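# An overview of the molecular structure
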Amino acid sequence: MLKCRQLVALSSDYLDAQLSLRQRLAVRAHLAMCWKCRRFVRQLQLTQAVLRQMPEAPIDDLDERARALAAAHRDSQG
Ligand SMILES: [Zn+2]
């Protein structure tokens, strides 16, 4: 049986599907018994999902779009 500290150490690889079958089973067995680690893994999962959705360079992209819009606006005014 894993200890909570061991589970925390494995949790990131668990979410990335990097664990061996044996490790994965150990993690699942622990999660089935331990609500604290369930909550921890759930929060980690949400954090990773949010990080993946963040655009790479939002500010540069916005500047680019603003310039394109401004140029289009100037053109339309002839
Ligand atoms: Zn635990």
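Residues numbered from 1 in each chain as written. Predicted model: local features only at pLDDT ≥ 70, side-chain atom pairs only at ≥ 80, totals over all residues. Heavy atoms only, no water.

## Quick notes on the pattern of salt bridges
Which entries qualify depends on this criterion: Here, a salt bridge means any side-chain nitrogen of Lys or Arg that lies within 4 Å of a carboxyl oxygen of Asp or Glu. Helix and strand labels come from DSSP, where a helix needs a run of H or I of at least four residues and a strand needs a run of E of at least two; each type is numbered from the N terminus. The rule is simple: take the accessible area with a 1.4 Å probe, protein chains only, and divide by the maximum for that residue type; under 20% is buried, over 50% is exposed, in between is partly exposed.
In the structure shown here, the tally under the stated rule is one salt bridge. Between aspartate 16 and arginine 52 there is a salt bridge, with the nearest N and O atoms lying 3.4 Å from each other. A residue pair is termed long-range when its members are at least 10 positions apart, and aspartate 16 in the loop between helix 1 (4-15) and helix 2 (21-33) and arginine 52 in helix 3 (residues 35-53) qualify at 36 residues. Judged by its relative accessible area of 33%, aspartate 16 falls in the partly exposed class. For arginine 52, a relative accessible area of 60% gives the class exposed.

## A closer look at the coordination of the zinc ion
The textbook angles at a metal center are 109.5 degrees for a tetrahedron of four donors and 90 or 180 degrees for an octahedron of six. The following threshold applies: Here a donor is any nitrogen, oxygen or sulfur atom (N, O, S) within 2.8 Å of the metal, with 3.2 Å used for Na, K and Ca; water is not among the atoms considered, so some sites may look incomplete. Any coordination sphere not matching a tetrahedral pattern (four donors, all angles between 85 and 135 degrees) or a square planar or octahedral pattern (four or six donors, opposite donors over 155 degrees apart, other angles between 65 and 115) is reported as irregular.
The protein atoms that coordinate the zinc ion are Cys4 (SG), His30 (NE2), Cys34 (SG) and Cys37 (SG), at distances spanning 1.9 to 2.4 Å. Geometry at the zinc ion is tetrahedral, judged from the four donor atoms that bind it and their angles of 102 to 115 degrees at the metal. When the donors of the zinc ion are listed by position in the chain, the intervening gaps give C-x25-H-x3-C-x2-C. For the pair histidine 30 and cysteine 37, one class covers both residues: buried.

## Here's the deal with the side chain of histidine 30
Rule in force here: For this analysis, a polar contact is any N or O atom pair within 3.5 Å, provided that within protein one partner can donate a hydrogen and the other can accept it, and provided that sequence-adjacent residues contribute only side-chain to side-chain pairs. Residue contacts are defined here by distance: any two heavy atoms, one from each residue, within 4.5 Å place the two residues in contact.
Checked against the element boundaries, histidine 30 lands in helix 2. Judged by its relative accessible area of 4%, histidine 30 is buried. Within the structure, the side chain of histidine 30 is placed 3.0 Å from the backbone oxygen of leucine 2, a separation counted as a polar contact. Beyond its immediate chain neighbours, meaning those up to four positions away, histidine 30 contacts Met1, Leu2, Lys3, Cys4, Leu7 and Cys37.

## Notes on the side chain of glutamine 48
When you line up the elements, glutamine 48 lands in helix 3. If we skip the residues at most four places from it in the chain, glutamine 48 touches Ser12, Leu15 and Asp16.

## Side note on the confidence of the model for the chain
Where we set the bar: Confidence of the predictor at the level of single residues is captured by pLDDT, which takes values from 0 to 100.
This prediction gives the chain a mean pLDDT of 87; 90% of its residues lie at or above 70. No element of the chain has a lower mean pLDDT than helix 4 (residues 58-76), at 76, and none a higher one than helix 2, at 97.

## Observations regarding helix 3
Operational definition: What a helix should span is 1.5 Å times the count of its residues minus one. Working note: the arc is built from the helix axis to C-beta atom directions.
When the terminal C-alpha atoms of helix 3 are compared, their 27 Å separation across 19 residues agrees well with the 27 Å that a helix rising 1.5 Å per residue should span. Within helix 3, burial applies to Cys37, Val41 and Gln48. Buried residues of helix 3, seen end-on, are gathered within an arc of 35 degrees and therefore sit on one face of the element. Every exposed residue of helix 3 that faces more than 90 degrees away from the buried side is listed here: Trp35, Lys36, Arg39 and Gln53.

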